[in-house]
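# Geometric and topological summary
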Amino acid sequence: VKLTDWLQTYTGEVFGADLTGESLYDCEIPSNSALIIGSESHGIRTEVKAALQRFITIPRFVEADSVNAGIAAAIAIALFLVIWYTFFHYFEKLK
């Protein structure tokens, strides 16, 4: 299955990691979200980027153009999980 075909059928929200996206610290991430990480040298392919709804970025606190794609993926996935966990437990306490 081509990624672009899958993106057309996926019912959750799909985020792309991109240097121009919104801060991962400031966005709401639904639990049925997917994350697309591009290559280190070229980023997300143009046809895939066109199919994405939102873009996120990992805020940088030092001067650097980007981080290694594997490191970026690990950071983004960890933050996704922290946001989901915090959100889930917050609403469980309200019950």
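What comes next concerns the included structure. What you see is a predicted model; the values in this text were computed from it and never measured.

Rules behind the numbers
Residues numbered from 1 in each chain as written. Predicted model: local features only at pLDDT ≥ 70, side-chain atom pairs only at ≥ 80, totals over all residues. Heavy atoms only, no water. Helix = DSSP H or I, 4+ residues; strand = E, 2+ residues; numbered from the N terminus. Buried < 20%, exposed > 50% of the residue type's maximum accessible area, 1.4 Å probe, protein only. Contact = heavy atoms within 4.5 Å. Pairing = 2+ DSSP bridges. Axes fitted to C-alpha atoms, helices over the stretch in contact; angles between N-to-C directions. Salt bridge = Lys/Arg side-chain N within 4 Å of Asp/Glu carboxyl O.

## Here's the deal with the overall build of the protein
In terms of helices and strands, the protein carries 3 helices and 3 strands. Listing the helices and strands of the protein from first to last along the sequence gives α-β-β-α-β-α. Split into buried and exposed, the 95 residues of the protein put 31% on the buried side. Sequence-distant contacts, at least 24 apart, represent 68% of the contacts inside the protein between residues at least 6 apart.

## Focus on the sheet that holds strand β1 (residues 14-23)
The sheet built from 3 strands is open, its strands ordered β2-β1-β3 with parallel pairing. In this open sheet, the two strands that pair with only one neighbour each are β2 (34-36) and β3 (54-57). Averaged over all pairs of adjacent strands, the angle between their axes in this sheet comes to 55°, without regard to strand direction. Two elements, β1 and β2, share 3 bridges in a ladder whose sense is parallel. Pairing of Phe15 across the sheet is with Leu35, part of β2.

## Concerning the pattern of salt bridges
In total, this model carries 4 salt bridges according to the counting rule given. Here Arg54 makes a salt bridge to Glu22, at a shortest N to O gap of 2.9 Å. In this pair, Arg54 is assigned in strand β3 and Glu22 in strand β1, connecting sequence segments 32 residues apart. The exposure class of Glu22 is partly exposed, given its relative accessible area of 32%. Between Glu47 and Arg45 there is a salt bridge, with the nearest N and O atoms lying 2.7 Å from each other. Judged by relative accessible area, Arg45 falls into the partly exposed class, the value being 46%. In this structure, a network of salt bridges that share partners links the residues Glu13, Glu22 and Arg54.

## Points about the pairing of β1
Relative to β3, β1 is paired through 5 bridges, and the arrangement is parallel. Bridged to Gly16 within β3 is Phe55.

## A short note on the side chain of Ser23
Note on placement: Ser23 falls in strand β1. The class for Ser23 is buried, based on a relative accessible area of 18%. When near neighbours in sequence (up to four residues on either side) are disregarded, Ser23 contacts Thr57 and Pro59.

## Observations concerning the environment of Asp26
Tracing the sequence through the fold places Asp26 in the loop between β1 and β2. On a C-alpha basis, the gap between Asp26 and Ile56 in space is 9.4 Å, while along the polypeptide they are 30 residues apart.

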